[in-house]
Amino acid sequence: MAIVTMFVNGQAMSGGTLHDALHRARFLGRVDTAPRYRFYSVRDEFPGLHPVTSGGVSVPGELYEVEYDVLREELLPREPEELELGVIELADGSGSLSMRMRSNALDVPGVTDISDRGGWVAYRKATR
């Protein structure tokens, strides 16, 4: 079976509402993205990562080894429509699959830039 790496930074992380979709995945550790992204909260329900050419930050998350069928059948069908699967750059220069904000979703109501808040977990703790 084909295996890929998947970076998660929101509800699919440990303790999140989508984490059960990764029950067959192997946790590789906590990692950060390269400082090439802005990070958004969508209606305070889930986060979104979006690449930028300047003004980017490093976003913390978790890295997993995932089989394609887990992505196809368990994780991707549960992802919100504002996100799409893409390839991102990690802090060590390697690449990984990750969910990213669709460009046309950046301006929808309820989208807030939280790039300076230290990631999804820190943002959620601060807003509770």
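Looking up the protein chain in an unreviewed UniProt entry gives the name Gamma-glutamylcyclotransferase, with the organism given as Nocardia carnea.

The next subject is the environment of Ser58. Inspection of the secondary structure puts Ser58 in the loop between strand 4 (46-51) and strand 5 (60-67). Taking the relative accessible area as the measure of exposure, Ser58 reaches 34% and is therefore partly exposed. Between the C-alpha atoms of Ser58 and Ala21, which are 37 residues apart in sequence, the distance is 25 Å. For Ser58, the side chain forms a polar contact with the main-chain oxygen of Thr33, separated by 2.6 Å.

Turning our eyes to something else, we now look at the sheet that holds strand 5. If you walk across this open sheet you meet the 5 strands as 2-5-1-7-6, and the pairing is mixed. Edge strands, defined here as strands with exactly one partner in the open sheet, are strand 2 (26-32) and strand 6 (83-89). Taken pair by pair, the neighbouring strands of this sheet meet at an average axis angle of 35°, ignoring direction. Bridge analysis of strand 2 against strand 5 gives 6 bridges, and the strand direction is antiparallel. Bridging across to strand 5, Arg26 finds its partner in Glu65. Sheet strands in contact with helix 1 (residues 68-75) are strand 1 (3-8), strand 5 and strand 7 (95-101), and its direction is about 110° off that of strand 5.

This structure, assessed with the given rule, holds 12 salt bridges. Across the salt bridge formed by Arg24 and Glu67, the nearest N and O atoms sit 2.8 Å from each other. With Arg24 in the loop between strand 1 and strand 2 and Glu67 in strand 5, the pair connects residues that are 43 residues apart, well separated along the chain. Overall, the relative accessible area of 40% leaves Arg24 in the partly exposed class. The exposure class of Glu67 is partly exposed, given its relative accessible area of 22%. We note a salt bridge from Glu73 to Arg72, for which the minimum N-O separation is 2.9 Å. Connected through shared salt-bridge partners, Arg24, Glu67, Asp69 and Glu74 make up one network.

Conventions used here
Residues numbered from 1 in each chain as written. Predicted model: local features only at pLDDT ≥ 70, side-chain atom pairs only at ≥ 80, totals over all residues. Heavy atoms only, no water. Helix = DSSP H or I, 4+ residues; strand = E, 2+ residues; numbered from the N terminus. Buried < 20%, exposed > 50% of the residue type's maximum accessible area, 1.4 Å probe, protein only. Polar contact = N/O pair within 3.5 Å; in protein donor to acceptor, adjacent residues only side chain to side chain. Pairing = 2+ DSSP bridges. Axes fitted to C-alpha atoms, helices over the stretch in contact; angles between N-to-C directions. Contact = heavy atoms within 4.5 Å. Salt bridge = Lys/Arg side-chain N within 4 Å of Asp/Glu carboxyl O.

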